[in-house]
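# Structural overview
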Amino acid sequence: MKHSLWTFTVLAAFSFSSCQVPDAVKLEDAGIIPIPSIISSSSGVFELGSNSTIQLIGTGDDLTRVGDYLAEKLRPATGFDIPVSKESGDLILELVSGEPSEKYRVEVTGEAVKISSTSAAGLYYGTQTLIKAFPVEIENTSAVDADWVVANGKIEDEPEFTYRGAMLDVARHFISVEDVKHYIDQMGSLKFNYLHLHLSDDQGWRIEIKSWPKLTEIGGKTEVGGTEGGFFSQEDYTEIVKYASDRFITVVPEIDMPGHTNAALASYAELNPGVNLPDGDFTTMTEGKIDFDILDKNPEPAELYTGIEVGFSTFATNKEITYTFVEDVIKELVELTPGPYIHIGGDESHVTEKDDYIFFVERVQEIVTKYGKKSIGWDEIATAKLLPGSVAQFWALEENAILAKEQGNQILMSPAKRAYLDMQYDSTSRLGLHWAAYIELDDAYNWDPATYADGINKADILGVEAPLWTETIGNRAEIEYMAFPRLAALAEVAWSSNERRNWKDFQKRIAQQGKRWDINGIGFYRSPKVDW
Ligand code: TNX
């Protein structure tokens, strides 16, 4: 009897103490993606409780926004109040003085968590890291029972590349404001900082331009497959820009030109290079010769196009009206776009004469510069003279990337064989194309931007971008299936140093992330390369 009472007391004391100090997954094993530069663990845990509060040290709207963001992320699953104030608290966000950088530090002790950075963006990245250090149940949107613990330790982190981008092609299939915002949320949690919107293509024009209203009235009507298209009003676009900016993401709008312009050519006849006259139509002939002036002045509008072949359209690069048009469009876009870049497209202009293409790209860069912005264009633009600050986005041709480098311009790395989220995972994938490659999760992960293209080194590279083309992708579920988990792999390629990255370790961390996506209701591709 005495003996069993003793046993009971010991067991009770043991279970009492283990209940007081629950275990937490070590920071190294918590599944933080992208992997931080330095993680060091110590013993013990921090536990978030019903009395926990967020303390802001420093000033500024951005700081308050990050504090509110953290609170809003932690409240639903925990059911705790988590007020945000300047009063002392156990979740501390400190804006420290110094040259603003994206670098941040997270220190977890038994008593408190402190995130510090010289910028609000850095604090935001720190909060994203902290969220991933909590148990995955933190993703729930209503209260659940769990021990809200984070292992003690310290994380120091900064990105490898200053430009970490994702692109949505809203032209081939229109993507609603709501779905774009949902994508932005995921981008923010993966520490991306640029959202490139591919706003026009042969199949659709998706941004309202007040001075050329038919672009959306006509050019926005349809999409690939002939279904109803759509477009962003300027208010919609502004809402996206604001939503992204609240998550420290800068929008880069793209108007693809002079090729990939059928939707604009269908909206305004005068932008077309000419007409294909039916045989035997002599109305435009003068003294037996075709009068090109008349042809140029009176072209027919193109037909709306809903297929997926490319390379057949071009603006009339030799007419002044084209440059008036481009300037009007860029002027309106610049007014709505606080970020530094306008993307001018420039890819696959197969029916534009080479000299005309070069003339066009050079003039359009001048227009972008006139409105105080820098141009980004697909790698073909490097065959023209680039203005200082223009960026060539490498997708296909190494020789074009080299041309950009030789002109002293930087390169944005989006190699189609690694970074294209519209490529099929394998031959059985139900969505996607495969002209560049099949891209399994390990293919998206195992490459180094700094050695990928011969002659292009780290110093030549502005960053990494993951484009999602939408010829075969028409709704949110399809976007998610193609983007996840590869977007997370590319986030790590863009943020973490090559030395820090390790596929075996990523395999474990992405499985953790998968549990979060399950709770978030994100239907990701369950790659057979991962033990989910
Ligand atoms: C090539 S990438 C294109 C796009 C297509 C994509 C499909 C690039 C600059 N041009 O127009 O959507 O392939 O994978």
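Residues numbered from 1 in each chain as written. Predicted model: local features only at pLDDT ≥ 70, side-chain atom pairs only at ≥ 80, totals over all residues. Heavy atoms only, no water.

### A few points about the overall build of the chain
When helices and strands are counted, the chain shows 17 helices and 19 strands. Taking 2.2 N^0.38 as the reference for a compact globule, 532 residues should give roughly 24 Å; the C-alpha atoms of the chain span a radius of gyration of 26 Å, in line with that estimate. A principal-axis box enclosing the C-alpha atoms of the chain has dimensions of 120 × 50 × 45 Å. Classification of the 532 residues of the chain by burial places 56% in the buried group. For the chain, restricting intrachain contacts to residue pairs at least 6 apart in sequence, the fraction spanning at least 24 positions comes to 73%. Within the structure as shown, the chain displays about 22100 Å² of accessible surface, and the carbon and sulfur contribution to it stands at 52%. Across the chain, the mean location of the 47 positive side-chain charges is 6 Å away from that of the 84 negative side-chain charges. (Helix = DSSP H or I, 4+ residues; strand = E, 2+ residues; numbered from the N terminus. Rg over C-alpha atoms; globule rule 2.2 N^0.38 Å. Buried < 20%, exposed > 50% of the residue type's maximum accessible area, 1.4 Å probe, protein only. Contact = heavy atoms within 4.5 Å. Areas by Shrake-Rupley, 256 points an atom, 1.4 Å probe, with all protein chains shown as cover. Lys, Arg positive; Asp, Glu negative; His and termini not counted. Charge placed at Lys NZ, Arg CZ, Asp CG, Glu CD.)

### Looking at the pairing of strand β19 (residues 461–468)
Of all eight residues that make up β19, eight are buried, and the element is covered over most of its length. As paired strands, strand β18 (residues 410–413) and β19 are joined by three bridges and run parallel to one another. By the bridge assignment for β19, Ile411 is matched with Ile461. (Pairing = 2+ DSSP bridges.)

### Re the pairing of strand β12 (residues 250–257)
Along β12, seven of the eight residues are buried, which leaves the element largely enclosed by surrounding structure. By the bridge criterion, five bridges tie strand β9 (residues 194–198) to β12 in an arrangement that is parallel. Bridging across to β12, Leu195 finds its partner in Val251. Taken together, the two bridges between β12 and strand β15 (residues 341–345) define a ladder with parallel strand orientation. Counterpart to Glu254 in the pairing with β15 is His343.

### So, the site of the ligand
For the ligand, the set of nearby residues contains 13 residues, the closest of which are Arg172, Tyr420, Asp422, Trp435 and Glu471. Contacts to the ligand include Trp435, whose side-chain N or O atom sits 2.7 Å from an oxygen atom. With respect to the ligand, the side chain of Glu471 contributes an N or O atom lying 2.6 Å from an oxygen atom. Summarising the interface, the protein chains cover 97% of the accessible area of the ligand, which totals 360 Å² for the free molecule. (Near = heavy atom within 4 Å. Polar contact = N/O pair within 3.5 Å; in protein donor to acceptor, adjacent residues only side chain to side chain.)

### A few points about the sheet that holds strand β2 (residues 54–57)
The sheet built from seven strands is open, its strands ordered β1-β7-β5-β6-β4-β2-β3 with mixed pairing. The two strands at the open ends of the sheet, each matched to only one other strand, are β1 (38–47) and β3 (84–85). One ladder, built from five bridges, connects strand β5 (residues 104–108) with strand β7 (residues 149–157); its direction is antiparallel. From the neighbouring strand, Glu107 faces β7, where its bridge partner is Lys154. Packing against the sheet, helix α2 (residues 61–78) makes contact with β2, β3 and β4 (91–95), and its axis sits at approximately 165 degrees to β2. Across the sheet, helix α3 (residues 120–133) is in contact with β4, β5, β6 (113–117) and β7; its angle to β6 comes to roughly 150 degrees. (Axes fitted to C-alpha atoms, helices over the stretch in contact; angles between N-to-C directions.)

### Side note on the nonpolar core
Membership of the largest hydrophobic core comes to 112 residues, with the highest contact counts inside it found for Tyr183, Leu195, Trp205, Phe232, Tyr237 and Phe325. Looking at this core element by element, the count peaks at eight residues for helix α9 (residues 320–336). Judged by nonpolar contacts, the second largest core, of 40 residues, contains Leu56, Leu91, Leu93 and Trp495. (Core = buried A, V, L, I, M, F, W, Y, C linked by side-chain atoms within 4.5 Å.)

### Notes on the domain arrangement of the chain
Size of an interface: often given as the accessible area lost when the parts come together. Annotation of the chain at the domain level lists domain 1 (21–157) and domain 2 (163–499). One C-alpha centre belongs to domain 1, the other to domain 2, and the line joining them spans 37 Å. Contact with domain 1, which involves 16 residues of that partner, is made by 16 residues of domain 2. Both sides together, the interface formed by domain 1 and domain 2 hides about 1400 Å², and carbon and sulfur atoms give 57% of it. There are two salt bridges connecting domain 1 and domain 2. Among the salt bridges present, the one from Arg164 reaches Glu102, with a minimum N-O distance of 2.9 Å. Summed over the shared surface of domain 1 and domain 2, the number is nine residue pairs in polar contact (both at pLDDT 80 or more). If you tally residues by element for the side of domain 1 that touches domain 2, the top one is α3, at seven residues. (Domains from an automatic or database assignment. Buried area = accessible area lost by both parts, 1.4 Å probe. Salt bridge = Lys/Arg side-chain N within 4 Å of Asp/Glu carboxyl O.)

### Details of the sheet that holds β15
Here eight strands make up a closed barrel; going around it, the order is β8-β9-β12-β15-β16-β17-β18-β19 and the pairing parallel. Between one strand axis and the next, the sheet turns through 30 degrees on average, direction left out of account. Here strand β8 (residues 163–169) runs beside β9; their pairing, made up of five bridges, is parallel. In the strand pairing of β9, Ala166 is matched with Leu195.

### Concerning the packing of aromatic side chains
The relative placement of two aromatic rings is captured by the distance of their centres and the angle of their planes. Scanning the model with the defined rule gives 32 aromatic pairs in all. Look at Trp212 and Phe325: their rings are 4.9 Å apart centre to centre, the planes differ by 90 degrees, and that puts the pair in the edge-to-face class. With a gap of 113 residues between them, Trp212 in the loop between β11 (204–205) and α5 (214–217) and Phe325 in helix α9 connect regions that are remote in the sequence. Of the two residues examined, Trp212 and Phe325, each falls in the buried class. Members of the aromatic cluster, joined through ring pairs, are Trp205, Trp212, Tyr268, Phe315, Tyr323, Phe325, Phe359 and Phe360. One residue, Arg363, lies across the ring of Tyr323, its end atom 4.0 Å from the ring centre. (Phe/Tyr/Trp six-rings, centres within 6.5 Å; stacked < 30°, edge-to-face > 60°. Lys NZ or Arg CZ within 6 Å of the ring centre and 35° of its normal.)

### A short note on helix α16 (residues 486–495)
Taking burial as the measure, the ten residues of α16 include ten buried ones, the bulk of the element. Taken residue by residue, α16 has Arg486, Leu487, Ala488, Ala489, Leu490, Ala491, Glu492, Val493, Ala494 and Trp495 as its buried positions.

### Quick word on the pattern of salt bridges
Tallying each qualifying case throughout the model produces 25 salt bridges. One salt bridge in this structure joins Lys370 and Glu327, with 2.6 Å as the shortest N-O distance. With Lys370 in helix α10 (residues 354–370) and Glu327 in helix α9, the pair connects residues that are 43 residues apart, well separated along the chain. The class for Lys370 is exposed, based on a relative accessible area of 58%. Between Asp518 and Arg526 there is a salt bridge; the shortest N-O distance is 2.6 Å.

### Details of helix α17 (residues 503–520)
In this model α17 runs 24 Å from its N-terminal to its C-terminal C-alpha over 18 residues, within 8% of the 26 Å that 1.5 Å per residue would give. The set of residues buried in α17 consists of Trp503, Phe506, Arg509, Ile510, Ala511, Gln512, Gln513, Gly514, Arg516 and Trp517. The inward-facing, buried residues of α17 abut α3, α4 (177–189), α13 (441–445) and α16. The opening residue of α17 is Asn502, an N-cap whose side-chain oxygen sits 3.0 Å from the backbone nitrogen of Lys504. Looking one or two places after α17, you find Gly521, whose phi comes out positive at around 75 degrees. (Expected span 1.5 Å × (residues − 1).)

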